[in-house]
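Here's the letter readout for the chains.
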Amino acid sequence: MYLLLLVHIFQSFLLAIRSCPALCVCSYGNSGTAQLRLVQCSDFGILVVPINVPADTVKLRLEKTLISRLPRAAFYNLSELQFLWLVYNSITSIHPSSFVNLKSLRELRLDGNLLTSFPWEGLRDTPQLQTLGLHNNRLSSLPAHAALFLLNITCLDLSSNRLAMLPAELLDLWLPLPGQQQEGQVKRRILGVHDNPWLCDCQIFTLISLSMSLGSPIVLMDQLLMCSESKGQSAMLLTKAELSRCMRPSVQPATTSVISTLGSNVILRCDARGYPTPTLTWIKTSSYTDCCQQHLLENSEQLPRKLDSYMQVSRVGDCWSIISLNGLSYKDAGEYRCQARNGAGTSEALIKLKVVGVTRLSRLPKKKSQKTKLKSLFKYRNLNPNPAPVSTPIGKKKEMLQNVTPPSFNKTQTVLHVVSKGLPIDETIK
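Residues numbered from 1 in each chain as written. Predicted model: local features only at pLDDT ≥ 70, side-chain atom pairs only at ≥ 80, totals over all residues. Heavy atoms only, no water.

## Digging into the state of the cysteines
Right, so step 1: For the structure on display, the rule yields four disulfides.
Right, so step 2: With a sulfur-sulfur separation of 2.0 Å, Cys200 is cross-linked through a disulfide to Cys227. Across the S-S bond linking Cys200 and Cys227, the dihedral sits near 90°, which makes this disulfide right-handed. Remark: Cys227 occurs in strand E13 (residues 226-228) and Cys200 occurs in the loop between strand E11 (198-199) and helix H3 (202-211); sequence separation between them is 27 residues. (Disulfide = S-S within 2.5 Å. Helix = DSSP H or I, 4+ residues; strand = E, 2+ residues; numbered from the N terminus.)

Here's what the structure looks like:
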């Protein structure tokens, strides 16, 4: 009986794998020696995401349907899915957890829908994603935090939307700081931003300029971008805009290395130049530890850490900033970065601070005690510093002291004279 039950469960499982959703077409394609399951659903009668898509599906295409929303865990049972095309439907909203368990997904396309926003944080569930297509939607803004979830994306298509500005964080992510990129390790990115009502600002101008430079990590799908000075004005080609004043900031620290003692006060300064006038931020990125200071750094703060600073603009395009470190301790030692940012990009400079202890003075010779001085004098005068005790009555001692009154002797001489007679010092000097 148990054997028949197991056979029935196994047959049901095979049937679920081999079944195909209604109004869909399922087939196998060749990829080398492997057979890949392909599922395509293109029918106006489909209103929701099918729930019985075979678990071994590698590519799923839901096209030209009336699907309007993607619910939570819409594709949870498709852990082997690598390509998900949801193009030209009527999707207006996507739950942040719609892509849970899609750990193998490499390509996600949502072109031709009605999206006004996208749940960027939902990309945490797709660690292998490389291509994201959002062409021809209604996106009007790209939030700064989106850059946090685009680290592995090599192709991002945002064309034909309603975007006016790019966040500086996205440019920082895809355009490494000078000196931080190593040859052969820079990841090339394909970016589609054409057919958007861009404003003629330094960010979009910098993107265009750098994409035209040799060896740039950014490759634009279309470099002919239109922009306007303000919303509602007629657009013009970005290459003709008067944006020649845009200049990525440069940073110059007052010094690159500082050595100071414990308890002292230190002021770190850096100057920056760029247009628009950059803003300056100080960040402590690391600490120094060694065998002698380890115990002082066990409870040190989390790094990197933003620091309070003072900034002053001397003239348009030029500024400087300082941080003050008072009463230095070993935990203040480390690397400090002065970062300058404006619409044209970001630059930074590094300052290393080392804190040293006070050097110990060599030990001075001990001051000779009175007893030592007396011993040296006894040796010089051939006197015995420890004479044998003399049993003299107390009355006799007083009589002897009365007879010893040399007026020309000083205190030391008097002590020596009395001791030479065999009398204790504590009974003679008062």
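## Considerations on the pattern of salt bridges
Right, so step 1: Per the counting criterion, the structure on display carries eight salt bridges.
Right, so step 2: Arg61 is the salt-bridge partner of Glu63, the closest N and O atoms lying 2.5 Å from each other.
Right, so step 3: With relative accessibility at 11%, the residue Glu63 sits in the buried group.
Right, so step 4: Under the relative-accessibility criterion, Arg61 is labelled partly exposed at 23%.
Right, so step 5: For Asp318, the salt bridge is made with Arg315, and the minimal N-O distance between the two is 2.6 Å.
Right, so step 6: When its relative accessible area of 10% is taken as the criterion, Asp318 is described as buried.
Right, so step 7: Residue Arg315 is classed as exposed on the basis of its relative accessible area of 53%.
Right, so step 8: Residues joined in a network through salt bridges with shared partners are Glu107, Arg109 and Asp111. (Salt bridge = Lys/Arg side-chain N within 4 Å of Asp/Glu carboxyl O. Buried < 20%, exposed > 50% of the residue type's maximum accessible area, 1.4 Å probe, protein only.)

## Examining a nonpolar patch on the surface
Right, so step 1: Residues Phe44, Leu47, Val48 and Leu66 make up a contiguous nonpolar surface patch of about 430 Å² in total accessible area.
Right, so step 2: Assignment of secondary structure puts Leu47 in the loop between strand E2 (34-41) and strand E3 (57-62).
Right, so step 3: Residue Leu47 is classed as exposed on the basis of its relative accessible area, which comes to 53%. (Patch = residues over 30% accessible without salt bridge, like charges linked within 9 Å, V, L, I, M, F, W, Y side chains within 5 Å. Areas by Shrake-Rupley, 256 points an atom, 1.4 Å probe, with all protein chains shown as cover.)

## Looking at the nonpolar core
Right, so step 1: Core analysis: the biggest nonpolar cluster contains 54 residues, and Phe75, Leu84, Trp120 and Leu132 have the highest contact counts within it.
Right, so step 2: Every element with two or more residues in this core is listed here: E2, E3, helix H2 (168-174), H3 and strand E12 (218-220).
Right, so step 3: Considering each element in turn, this core owes the most residues, three residues, to H3.
Right, so step 4: When sequence neighbours within four positions are dropped, the list of residues in contact with Leu132 reads Leu108, Phe118, Trp120, Leu123, Leu150, Ile153, Cys155, Leu156 and Asp157.
Right, so step 5: Counting 22 residues, the second-largest nonpolar core is a separate cluster that includes Ala272, Trp282, Leu325 and Tyr330. (Core = buried A, V, L, I, M, F, W, Y, C linked by side-chain atoms within 4.5 Å. Contact = heavy atoms within 4.5 Å.)

## Observations concerning the pairing of strand E17 (residues 266-275)
Right, so step 1: Side-chain alternation along E17 places Val266, Leu268, Cys270, Ala272 and Gly274 on a buried face and Ile267, Arg269, Asp271, Arg273 and Tyr275 on a face that remains uncovered.
Right, so step 2: As paired strands, strand E15 (residues 247-253) and E17 are joined by five bridges and run antiparallel to one another. Bridge pairing links Ser250 to Arg273 in E17.
Right, so step 3: The pairing of E17 with strand E21 (residues 318-325) spans eight bridges and is classified as antiparallel. Residue pairing across strands places Ile267 opposite Ser324, the latter belonging to E21. (Pairing = 2+ DSSP bridges.)

## Description of H3
Right, so step 1: For H3, a buried count of seven out of 10 residues is recorded, marking the element as mostly surrounded by other parts of the structure.
Right, so step 2: Where H3 is concerned, the buried positions are Cys202, Gln203, Ile204, Thr206, Leu207, Ile208 and Ser211.
Right, so step 3: Two or three places before Ile204, at the opening of H3, Asp201 has a side-chain oxygen 3.2 Å from that residue's backbone nitrogen. (Polar contact = N/O pair within 3.5 Å; in protein donor to acceptor, adjacent residues only side chain to side chain.)

## What to know about the side chain of Glu63
Right, so step 1: Secondary-structure assignment places Glu63 in the loop between E3 and strand E4 (69-70).
Right, so step 2: In terms of polar contacts, Glu63 uses its side chain to reach the side chain of Arg61, at 2.5 Å.
Right, so step 3: Those residues within four positions of Glu63 in sequence are excluded, and the remaining contacts are Gln40, Cys41, Ser42, Asp43, Trp85, Val87, Tyr88 and Asn89.

## Considering the sheet that holds E11
Right, so step 1: With mixed pairing, three strands are arranged side by side in an open sheet as E11-E13-E14. Two strands in the sheet have a free side with no partner beyond their single neighbour: E11 and strand E14 (236-237).
Right, so step 2: Inspection of the sheet shows E13 paired to E14 by two bridges, in the antiparallel sense. Residue Met226 lies in a different strand from E14, and its bridge partner there is Leu237.

## Structural notes on the side chain of Thr65
Right, so step 1: Mapped onto the elements of the fold, Thr65 is located in the loop between E3 and E4.
Right, so step 2: Thr65 sits in the buried class, given a relative accessible area of 2%.
Right, so step 3: In terms of polar contacts, Thr65 uses its side chain to reach the backbone amide nitrogen of Ile67, at 3.3 Å.
Right, so step 4: Apart from residues lying up to four places away in sequence, Thr65 is in contact with Cys41, Asp43, Ile46, Tyr88, Asn89 and Ser90.

## Considering the sheet that holds strand E16 (residues 257-261)
Strands in a sheet are paired, the pairing made by backbone hydrogen bonds, and the direction either parallel or antiparallel.
Right, so step 1: If you trace the five strands from one edge of the open sheet to the other, you get E16-E23-E22-E18-E19, paired in mixed fashion. Edge positions in the sheet fall to E16 and strand E19 (305-307), since each of these pairs with one other strand and no more. Averaged over all pairs of adjacent strands, the angle between their axes in this sheet comes to 30°, without regard to strand direction.
Right, so step 2: Relative to strand E23 (residues 345-356), E16 is paired through five bridges, and the arrangement is parallel. For Val258, the partnering residue across the bridge sits in E23 and is Leu353. (Axes fitted to C-alpha atoms, helices over the stretch in contact; angles between N-to-C directions.)

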